[in-house]
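Examination of the molecular architecture
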Amino acid sequence: MRRKKTAVGVVLAALFLACFLPYTAGADDFFSRFEITELSIKGHKLHIRGETDLPDGSFVHASVSLKDFEDKPGKDHTVKVHVNNHMFLIKVDLPKKAGKELNLINLKVAFRPKDQPNHIKAKVGLKGENLKGNNVKVQGGEKIFFVAKNIFW
């Protein structure tokens, strides 16, 4: 009877480990999705929606530059938002246009491991070692996610 209990215990322990081990290998996880999925201008607001597989709580930075607005509010905006449910949503106030001319908006969205909380750095790597994909750039010895777009407004 004792052998049966021991054999059942070994089988249960093996099943538990087989199910649990893939989830504990967090350091081996890679992050590869970082993209802007929607850009729109509604009134005087720029809406930026993106999707990523980064952990919730990651910080994403957006920089918006407007040509021909050097000395007016709105020239350079930097916005920081959290990733939540594998998405980020950024809204930026734009200056009022004087007429119907087209203006160029330079948009840059980035994820930098060095700017993240420690629990995020532990997952993505201190220098972005666990980032991969088309939107990964190396900057200052660190891998970052980076997307740039030009929008006519």
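Everything discussed here concerns the structure shown above.
Residues numbered from 1 in each chain as written. Predicted model: local features only at pLDDT ≥ 70, side-chain atom pairs only at ≥ 80, totals over all residues. Heavy atoms only, no water.

Further remarks concern the overall build of the protein. Scanning the protein from N- to C-terminus turns up two helices and eight strands. Reading the secondary structure of the protein in the N-to-C direction produces α-β-β-β-β-β-β-α-β-β. Counting over 153 residues, the protein shows a buried share of 34%. Across the protein, every contact between residues at least 6 apart in sequence was considered, and the portion connecting residues at least 24 apart equals 64%. Carbon and sulfur atoms make up 56% of the accessible area of the protein, which amounts to about 9900 Å² in all. (Helix = DSSP H or I, 4+ residues; strand = E, 2+ residues; numbered from the N terminus. Buried < 20%, exposed > 50% of the residue type's maximum accessible area, 1.4 Å probe, protein only. Contact = heavy atoms within 4.5 Å. Areas by Shrake-Rupley, 256 points an atom, 1.4 Å probe, with all protein chains shown as cover.)

Within the secondary structure, Ser32 is located in the loop between α1 (2-24) and β1 (34-42). Ser32 has contacts with Asp53, Lys132, Gly133 and Phe145, leaving out every residue within four places of it along the chain.

You can see Phe59 is positioned in strand β3 (residues 59-66). The exposure class assigned to Phe59 is buried, which follows from its relative accessible area of 17%. For the pair Phe59 and Arg112, spaced 53 residues apart in the sequence, the C-alpha separation amounts to 8.1 Å. Residues contacting Phe59, with those up to four places away along its chain left out, are Lys80, Val81, His82, Ala110, Phe111, Asp115, Gln116 and Pro117.

A separate point is unusual backbone geometry. The backbone phi angle of Asn85 is positive, close to 55°, even though this residue is not glycine. For Asn85, the position within the fold is in the loop between β4 (76-82) and β5 (87-93).

Right, let's get into the sheet that holds β1. One open sheet holds the three strands; their spatial order is β1-β2-β5, and the pairing between them is antiparallel. Two strands close off the open sheet at either side, each with one partner strand: β1 and β5. Between one strand and the next, the sheet's axes are offset by a mean angle of 15°, whatever the strand orientation. Summarising the sheet, β1 and strand β2 (residues 45-52) pair through eight bridges and their orientation is antiparallel. By the bridge assignment, Ser40 is partnered in β2 with His47. (Pairing = 2+ DSSP bridges. Axes fitted to C-alpha atoms, helices over the stretch in contact; angles between N-to-C directions.)

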